[in-house]
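An overview of the molecular structure
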Amino acid sequence: MKVLSLFVTGTDTGIGKTFVSCALLYGFCARYHRVAAFKPIAAGAVLRNGVWHNEDTDLLLEASNVALQPHLATPYLLRESVAPNIGAAHQGVPLDISYIQACYYEVVQLADVVIVEGVGGVCVPLDEILDTSDLATVLKLPILLVVGLKLGCINHALLSAEAIAARGLVLSGWIANTVDPDMAFPTENIEAIKCRLDRQYGAPLLGIIPHLDGQYSDKSAVSYINIDALLKRL
Ligand SMILES: Nc1ncnc2c1ncn2[C@@H]1O[C@H](COP(=O)(O)OP(=O)(O)OP(=O)(O)O)[C@@H](O)[C@H]1O
Ligand SMILES: C[C@H](N)[C@H](N)CCCCCC(=O)O
Ligand SMILES: [Mg+2]
């Protein structure tokens, strides 16, 4: 069976890429036996019982049904919560994109679905030359853009879509995620993005997720995502 895989990016850091990726993982787990998450570069680690942990990697693992070995789930676990080029330089660990590619190929042997979460937004640098979009390029993945609904997101969404297209990547769709529950005129903001992403990139809106509080909010978030429409685009 062909592996279903996509690259989740966002309009910024902290706008819900992990939240939406976990929602997708829960949704796919209900349909497929082997659903894995790949977070190639995680920035920000805490030491627990002698083992370095990253919150995103742990949440993604919890939402998957394939328990990947840590070095496969996250080939690069950087200590500092900063841009990966800065964190990698600080730690003296160059980020080798071909190593990430090799790990990803191992992951796809173990799963029917692989959700890949990027790091920050699409233009976040990995080193002096490469950026996050290059990860999607080498892994040959279509992109799902998570738009964190807050003031400024129209510009961020359109710039992200432009950067994705400029790199020859496919924008399969986007999700409006209500990170800021107090945002004014959310419907109008969504509409401003929707008509442009549809017209300019043929990228459909695949879900509008409200602000959901509570322990299992990412599990319930999947009900706001049109998984069937997403599957048709992969
Ligand atoms: N729809 C939502 N409702 C409630 N809380 C949300 C929602 N979306 C995201 N959050 C919360 O916002 C915070 C940031 O989200 P998340 O960690 O998914 O962002 P991210 O884009 O993955 O960030 P990073 O760039 O660090 O990977 C988290 O605490 C998450 O639980
Ligand atoms: C540490 C954080 N959680 C992210 N994973 C990294 C975000 C880098 C953002 C860099 C930037 O856009 O200026
Ligand atoms: Mg994240």
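What comes next is a walk through the structure. Counting restarts for each chain: residues are numbered from 1 in the order of the written sequence. Chains and ligands are labelled by the order in which they are written, letters from A for the one and numbers from 1 for the other. With pLDDT at 70 or above as the cut-off, local features in this predicted model cover only qualifying residues; side-chain atom pairs require 80 or more to be listed or tallied, and sums for whole chains, interfaces and linings still use all residues.

1. Let's talk about the packing of helix α7 (residues 153-166) against helix α8 (residues 186-201)
Interaxial distance between α7 and α8 falls to 9 Å at its minimum, and their mutual angle equals 15°. Relative to α8, the element α7 lies roughly parallel. For the pair α7 and α8, the crossing hand works out as right-handed. Contact residues: Cys 153, Ile 154, Ala 157, Leu 158, Ala 161 and Ala 165 in α7; Asn 189, Ala 192, Ile 193, Arg 196, Leu 197 and Tyr 201 in α8. Residues were grouped as follows: Ala, Val, Leu, Ile, Met, Phe, Trp, Tyr, Cys and Pro as nonpolar; Asp, Glu, Lys and Arg as charged; and all remaining residues, including Gly, as polar. Grouping the amino acids of the contact of α7 with α8 by side-chain chemistry returns ten nonpolar, one polar and one charged. A fitted line through C-alpha atoms represents every axis, and for helices the fit uses only the stretch in contact; the resulting angles, taken between N-to-C directions, go from 0 to 180 degrees. Working definition: helices are DSSP H or I runs of at least four residues, strands are E runs of at least two. Numbering for both runs from the N terminus. Relative orientations are named as follows: roughly parallel for angles under 35 degrees, roughly antiparallel for angles over 145 degrees, roughly perpendicular for angles from 65 to 115 degrees, and oblique for any other angle. Helix crossings get a hand from a simple test, with the near helix turned counterclockwise from the far one by less than a right angle marking a left-handed crossing and a clockwise turn marking a right-handed one. Residue pairs are scored as contacts if the distance between their C-beta atoms, which are placed from the backbone, is within 7 Å.

2. Things to note about the sheet that holds strand β10 (residues 205-209)
Taken in spatial order, the six strands line up as β2-β7-β1-β8-β9-β10 in an open sheet, and their pairing is parallel. In this open sheet, the two edge strands, each paired with only one partner strand, are β2 (35-38) and β10. Strand-to-strand, the axes of this sheet are offset by a mean angle of 20°, without reference to chain direction. A pair of strands counts as paired when DSSP detects no fewer than two bridges linking them. Two strands pair when backbone bridges link them, and strand β9 (residues 171-177) and β10 are joined in this way by four bridges, in the parallel orientation.

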